[in-house]
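# Chains, contacts and geometry: an overview
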Amino acid sequence: MNNNFLTNILPAEGGLEAAGTGKYNVVMAILGMLTLVGVGAGVHSLWVGHEHTFGVSRGVPWGMLIAAYVFFVVTSTGLCIVSSVGHVFGIKNFNPIAKRAVFLSIATIVAGFLVIAFEIENSWRMPVGNVIGANPTSNIWWMGTLYGAYLFFMLIEFVMLQKNLHKTATAFGLAGLLTGVAAHSNLGAVFGLLNGREFWHGPYMPIYFITSAAMSGCVAIIFFTYIAYKFNGWKMNDDMKKAMESVAKMGALMMAIIIFFTCWKMITGVTGQPPGKYEAMQTLLTGTYSMNFWGGEVVLGMIFPLLLILAVRGRNMHVLFIASLAGMIGIFFMRYDLVIVGQLVPAYHGMGLVDYPELLTYVPSLHENLVVVGGIAFCALLFVMGEKLFRGHLTENH
Amino acid sequence: MKIDDLEQMDSEDLRGLTSNERRKFLKMGLAVTGLYLGGTVLSLTSVKNAGAAGVVPEDGQYPYSPHYSMVIRERLCIDCERCKNACVKTNHVPAYGFRTTILEKRRSLGGGKHETIFMPVLCNHCNRPPCVRVCPTTATYKDEKTGIVVMNPPRCIGCKTCMTACPYNARYFKEETRAVDKCDFCFNSRLSKGESTTACVEACPADVRVFGDLADNKSRVYQLVHAPETMVWVLRPETGAVPNVFYINS
Amino acid sequence: MKKILLLLVFGVFLLSSGMLLADNEGMEEEYDEDIYGPEEPIVWVKPVESVVFEHKVHTMGAELDCESCHDDLFAMEAGAAEENEDFTMATLYEGGYCGACHDGSSAFASNTRCTTCHIGVRGHMRLIGGDGDEGDKH
């Protein structure tokens, strides 16, 4: 039964033949090892308690793992959005990347879940707690529940795509897209609805999250597609090149929107020095996180990839890859800064307290770094495996 | 009927209504529509969240009974920290955490001189607690009877969202119970065992902390909060949490 | 380093808030322990933590002589008052110990301006160079 199911969805022929088993095995072994190290660090942290292994504290309870989780689910939602442009909304140019995007949206969200499982100190209580203690006012409840549904829809969509049941796939793709967008804007609302956190509070977060998801999706699909072809020695056909060009242009548009958003976020954070928000914004603009912000977010994440894509009009694959690599790194900085800087202004700020920090500090610990590396390795492992099993995710019957 | 007779009759238009009657009618309408549209969210005459005009609730508008609250007579605090120690002992607070602590303010007296003001802080047991709203598994909730914000440790998944949501830094993750821990006005350690007050209140030598039922007009907290010529404030009112720890200056 | 300096500066400010009649000119004069008593502030931790007393403020600053307090109100021996059972605010209100002057006419009354002398655990830690307990750290 199980075997039958697998033979149904695994293409036995056609598509692209993966690179030699030697190279593949080495890469898989390395990624597998890194995943295990990450899982080991995570399990150890759960065992002895975050108090002893993580850099998080009472004042900054969310650390790099939350940032990595946000990074993964933003990417996943983005890949879902990008995939749906082609086969939900019927823009033909986007079709060649659709299957890979759907697969990767699953891979990235699974990696995200892996990371969050170690950030939530009692994640095993979640399945039961989420049902018997369901709290409809909690954005994190909605996010978790919707992302669960999202993963389910995306899995079905992927299976339907493999079975060439396109109508059903499109229906589940649409369901996945809708739940993904709802889940993701709820993740934004997890931050945006906290009245006590001035830097996050407001409608900006959910809106920004969706827009930057679309941007992340474009960047990620270029990044992964290029590596898949390079790693396996495949040659891109014209349809794929055309698709990459279209994705790059959509990505460039999204980057421009993100630049616009970021400008106004900066201006509203500074003008009139709004209490709480201003201190956090200054930390980004001129303080301890200014390198992250200007170097990581602005240059790597926005300006550089945008200029590269515009310079080659999305047509040079090597340049597109460089742009997407910079984008991926920049986007990680965006998530990290967003999560950490929002917590740095302490609760009783602006009250003239003595011996009270003006800003809190957070440094990720070794354990946290290892878990994040493990998550990235696991995502990469799924990606490499997927390329081999699904023969380059080619879309033939369109 | 002749036109003259008509003029003789009592008018039935709104002018005939006393303003009290009018108000009553209006109030009923608002209450009805408010209830219809989601009660406390939109009703202008909502009982539960009334008092938005100031930090001290209107008389009789306390959602809980007993409506436990604490009044901090701030300028009397001398930071002897007996409250902290009593809390640690009573509630088994580990060395890396606290349920209550004392902060220190400085105020210029001019001429280069300053005065120190110690500010005890603890969970504010808000009427609209952000921590309770964000908890995905209702592991933290407002006790329906007393309004105390309590924890159900076995339900806590450790996502720490309540810690980021709390405007008062009143929560920490307690590794020993694998759950977020916080002040519960000594509900588990004392009140539920028949004691009438919290450990910190009992330990305070300067009568800074006063604990009691705000809904009882004979209680000290009621009398302090409603005393004339008294400055009453709460911490971070702008977050809309409607806290139940009041600070006064006398 | 900067932080420690800052703490020190705060500590000094805090202490200076206790100087009721201190004038800045007097401060520049050399402090002579034989005339003015020990320079180190005295910190009582009983019956409550922690209360500061500075000879400097009272002798050099307020120009009181030793006999004003010793040996009637306070024994010369360091830490003696602390051991007495009546070393409480109630006694002060009745004119004992500090209350002899801190009665609202000679100096501010004992039941006002608590934190002038009560520096608390935080103030004490700062005085002896330990870290103050920071609310947002664990």
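Residues numbered from 1 in each chain as written. Chains lettered and ligands numbered in written order. Predicted model: local features only at pLDDT ≥ 70, side-chain atom pairs only at ≥ 80, totals over all residues. Heavy atoms only, no water.

### Side note on the overall build of chain A
Just so we agree on the cut-off: Numbering of helices and strands runs from the N terminus, with a helix taken as a DSSP run of H or I at least four residues long and a strand as a DSSP run of E at least two residues long. When a residue's accessible area, from a 1.4 Å probe over protein chains only, is under 20% of the maximum for its type it is buried; when over 50% it is exposed; and in between it is partly exposed. Here, two residues are considered to be in contact whenever any of their heavy atoms come within 4.5 Å of each other.
In terms of regular secondary structure, chain A is built from 14 helices and 0 strands. Counted from the first residue to the last, chain A has its helices and strands arranged as α-α-α-α-α-α-α-α-α-α-α-α-α-α. Each of the 398 residues in chain A was classed as buried or not, and the buried ones make up 60%. Partitioning the intrachain contacts of chain A with sequence separation of at least 6 by distance along the chain shows that 80% fall at a separation of at least 24.

### Section: the pattern of salt bridges
Worth spelling out the cut-off: Any Lys or Arg side-chain nitrogen found within 4 Å of a carboxyl oxygen on Asp or Glu counts as a salt bridge.
One pass over the full model with this rule turns up 21 salt bridges over all chains. The closest approach of N and O atoms between aspartate 184 of chain B and arginine 99 of chain B, which form a salt bridge, is 3.2 Å. Of the two residues, aspartate 184 of chain B is situated in the loop between strand E7 (179–181) and helix H6 (199–203) and arginine 99 of chain B in the loop between helix H3 (82–91) and strand E2 (101–110); the sequence distance between them amounts to 85 residues. Salt-bridge contacts for glutamate 104 of chain B lead to arginine 126 of chain C; the nearest nitrogen and oxygen are separated by 2.6 Å. Here arginine 126 of chain C lies in helix H8 (residues 120–127) and glutamate 104 of chain B lies in strand E2, a pairing that spans two chains.

### Quick word on a nonpolar patch on the surface
Spelled out, the test is: To count toward a patch, a residue needs a relative accessible area above 30% and no salt bridge. Like charges then connect within 9 Å, nonpolar side chains (Val, Leu, Ile, Met, Phe, Trp, Tyr) within 5 Å. Only the protein chains shown count as cover for residues, and all accessible areas are computed by the Shrake-Rupley method using a 1.4 Å probe.
Taken together, the side chains of Val26, Ile30, Leu34 and Val373 of chain A define a hydrophobic patch exposed on the protein surface, amounting to about 310 Å² of accessible area. Top element by residues in the nonpolar patch is helix H2 (residues 21–48) of chain A. It accounts for 3 residues.

### Considerations on the sheet that holds strand E10 (residues 245–248) of chain B
Residue and element names in this part refer to chain B. Note the threshold: Any two strands are treated as partners once DSSP identifies two or more bridges connecting them.
With mixed pairing, the 4 strands of this open sheet are ordered in space as E8-E1-E10-E9. Unpaired on one side and paired on the other, strand E8 (209–213) and strand E9 (232–233) mark the two borders of the sheet. With 2 bridges joining them, E9 and E10 adopt antiparallel strand pairing. The residue bridging valine 232 from the neighbouring strand is isoleucine 248, located in E10.

### Examining H8 of chain C
The buried fraction of H8 of chain C is high, at 6 of 8 residues. Trailing H8 of chain C by a residue or two, glycine 129 of chain C shows a phi angle of about 90 degrees, which is positive.

### A closer look at the interface of chain B and chain A
To keep things clear, this is the line we draw: Once two parts are joined, some of their accessible surface, as seen by a 1.4 Å probe, is lost; buried area is that loss totalled over both. Polar contacts, as counted here, are pairs of nitrogen or oxygen atoms within 3.5 Å of one another; within protein the pair requires one atom able to donate a hydrogen and one able to accept it, and residues that are adjacent in sequence qualify only if both atoms are side-chain atoms. Side-chain classes are defined by residue name, with Ala, Val, Leu, Ile, Met, Phe, Trp, Tyr, Cys and Pro counting as nonpolar, Asp, Glu, Lys and Arg as charged, and the others, Gly among them, as polar.
With 42 residues of chain B at the interface, the matching set in chain A holds 46 residues. Summed over both partners, the interface of chain B with chain A comes to about 3600 Å²; 52% of that surface belongs to carbon and sulfur atoms. Scanning the region where chain B abuts chain A turns up 2 salt bridges. Across the pair glutamate 198 of chain A and arginine 236 of chain B runs a salt bridge, and its minimum N-O distance is 3.0 Å. Taken together, the connections running from chain B to chain A amount to 36 residue pairs in polar contact (both at pLDDT 80 or more). Of all elements in the fold, only E2, strand E3 (113–121), helix H4 (130–134), helix H5 (161–165) and strand E6 (172–174) of chain B reach the threshold of two or more residues within the side of chain B that touches chain A. In terms of residue class, the side of chain B that touches chain A is made up of 22 nonpolar, 9 polar and 11 charged.

### Some details on the confidence of the model for chain C
Residues and elements named next belong to chain C. As a reminder, the rule being used: Scored from 0 to 100, pLDDT reflects the predictor's confidence in each residue.
Overall, the prediction assigns chain C a mean pLDDT of 80, with 72% of residues at 70 or greater. Mean pLDDT across the elements of chain C ranges from a minimum in helix H2 (residues 24–27), with 48, to a maximum in helix H7 (residues 114–117), with 94. Segment residues 18–26: pLDDT under 50, and 15 contacts once partners within four positions in sequence are set aside and those in other chains are kept. Confidence drops under a pLDDT of 50 for residues 132–138, and excluding neighbours within four residues, the segment shows 26 contacts in the predicted structure.

### A few points about unusual backbone geometry
The amide bond that connects lysine 46 of chain C to the next residue, proline 47 of chain C, takes the cis arrangement and shows omega of 0 degrees. Cis geometry marks the peptide bond from histidine 70 of chain C to aspartate 71 of chain C, where omega comes out at -5 degrees. Inspection of the secondary structure assignment puts aspartate 71 of chain C in the loop between helix H4 (55–61) and helix H5 (80–83). Located in the positive-phi region is histidine 125 of chain B, a residue other than glycine, with phi close to 45 degrees. Of note, histidine 125 of chain B is situated in the loop between E3 and H4. We note that tyrosine 97 of chain C has phi near 45 degrees; this positive angle belongs to a residue other than glycine. By secondary structure assignment, the location of tyrosine 97 of chain C is in the loop between helix H6 (89–93) and H7.

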